[in-house]
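Residue-level structural notes
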Amino acid sequence: MTERSFSLTFLVLVFISVIISFQYEMLSDFSVVGAGFIPRIVTGTMFLLAIVYVWKVYNGAYKENEETKPSRLIRYKQLAFLLALLICLPLIEVFGMIVTLGLFLFTSLRYIEGNNLIRSVTFSAAISVGVFLLFETWLDARLPIGIFETL
C-alpha cells in the first residue's frame, strides 16, 4: 500500500513539474537554449519513468512484504521530501530558481537527511553557484529570478 501511494504521489508531483516547465521558453534570443529546455527534458523523462514505475507497482513487479517494507522513518523522509519539493515549485516564481534551489537543498540536507550545518550550507551553495554558472554563463540561458529582477 505504501509503494502504491508513493508512486501515485510521485507521478502527480512530476506531472505538476511538467506543466510548470512549459511556462519557460524552449529557445531564447538568437536560437540558443532557453530556460525551459532542461526542465522540459528532465521533467519529461521523469514523467515517463514515473509512469513505468506506477505501472510496475500496480502490475505486481514490486511485492511489498515485511522484509522490503520501508521503515516508518524512511516513509516520513519520503513524505517530507515530496512536501518540500511541492512547496518549492511555486516559490521559483517568487524567489527565483537559484535561491529556491539553494533553500530546497539546504532544507532537504539539513532537516530531512540530518546533515550538519556546514555540509548542508556548503553543498547547497556550491550546487546553486554551479547551476547559475552553467545556465547564465555557459548556456547563456536566463533562469527565473523572481523578486530579484529589479536588481
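Please refer to the structure placed before this passage.
To start, this report covers the structure provided alongside it. (Residues numbered from 1 in each chain as written. Predicted model: local features only at pLDDT ≥ 70, side-chain atom pairs only at ≥ 80, totals over all residues. Heavy atoms only, no water.)

**As for the environment of Pro39**
Looking at the secondary structure, you find Pro39 in helix H2 (residues 37-58). Once residues within four sequence positions are removed from consideration, Pro39 is found in contact with Ser21 and Gly44. (Helix = DSSP H or I, 4+ residues; strand = E, 2+ residues; numbered from the N terminus. Contact = heavy atoms within 4.5 Å.)

**Here's the deal with the layout of surface pockets**
Estimated volume of the largest pocket: approximately 750 Å³. Around the largest pocket, the lining is made up of 26 residues, and of these Leu85, Leu89, Ile92, Met97 and Leu101 lie nearest the centre. Contributions of two or more residues to the lining of the largest pocket are made by helix H1 (2-21), H2, helix H3 (72-95), helix H4 (97-112) and helix H5 (117-138). For the lining of the largest pocket, a count of residues per class yields 22 nonpolar, four polar and no charged. (1 Å grid on protein atoms, 1.4 Å probe; cavity = no way out; pocket = protein on both sides within 12 Å on 5 of 7 lines; lining within 4 Å. Points joined across faces, edges and corners; volume = space filled by probe spheres on them. Nonpolar A, V, L, I, M, F, W, Y, C, P; charged D, E, K, R; others polar.)

**Section: the packing of H1 against H2**
Where H1 contacts H2, the two axes come as close as 9 Å, and the packing angle between them is 160°. Our classification of the angle between H1 and H2 gives roughly antiparallel. Pair H1 / H2 crosses with left-handed handedness. Listed contacts from H2 to Glu3, Arg4, Phe6, Ser7, Leu8, Phe10, Leu11, Val14, Phe15, Ser17, Val18 and Ser21 of H1 are Pro39, Arg40, Thr43, Gly44, Met46, Phe47, Ala50, Ile51, Tyr53, Val54, Val57 and Tyr58. Partitioned by chemical class, the residues of the contact of H1 with H2 number 16 nonpolar, five polar and three charged. (Axes fitted to C-alpha atoms, helices over the stretch in contact; angles between N-to-C directions. Parallel < 35°, antiparallel > 145°, perpendicular 65-115°, else oblique. Left-handed = near helix turned anticlockwise from the far one by under 90°.)

**A short note on the packing of aromatic side chains**
One pass over the structure, following the stated rule, counts three aromatic pairs. Between Phe15 and Phe47, the aromatic rings sit 5.7 Å apart at their centres with planes inclined by 40°, giving tilted as the arrangement. In this pair, Phe15 is assigned in helix H1 and Phe47 in helix H2, connecting sequence segments 32 residues apart. The class for Phe15 is partly exposed, based on a relative accessible area of 42%. (Phe/Tyr/Trp six-rings, centres within 6.5 Å; stacked < 30°, edge-to-face > 60°. Buried < 20%, exposed > 50% of the residue type's maximum accessible area, 1.4 Å probe, protein only.)

**Here we look at the environment of Phe104**
Here Phe104 shows up in helix H4. Classification of Phe104 by relative accessible area gives buried; the value is 12%. Phe104 sits 19 residues away from Leu85 along the chain, and the two C-alpha atoms are 7.2 Å apart.

**A look at H5**
Residues that lie three or four places apart on an α-helix share one face, since the helix turns once every 3.6 residues. Under the 1.5 Å per step criterion, the end-to-end length of H5 is 30 Å for 22 residues, consistent within 8% with the ideal 32 Å. Along H5, the positions that sit buried rather than exposed are Ser120, Ser124, Ser128, Val131 and Phe135. Each buried residue of H5 sits inside an arc of 65° when the element is viewed along its axis, so together they form one side. In H5, the exposed positions angled more than 90 degrees off the buried face are occupied by Ile118, Arg119, Thr137 and Trp138. Against the buried residues of H5 lie H2 and H4. Once H5 ends, the next one or two residues include Asp140, with phi positive near 55°. (Expected span 1.5 Å × (residues − 1). Arc of directions from axis to C-beta.)

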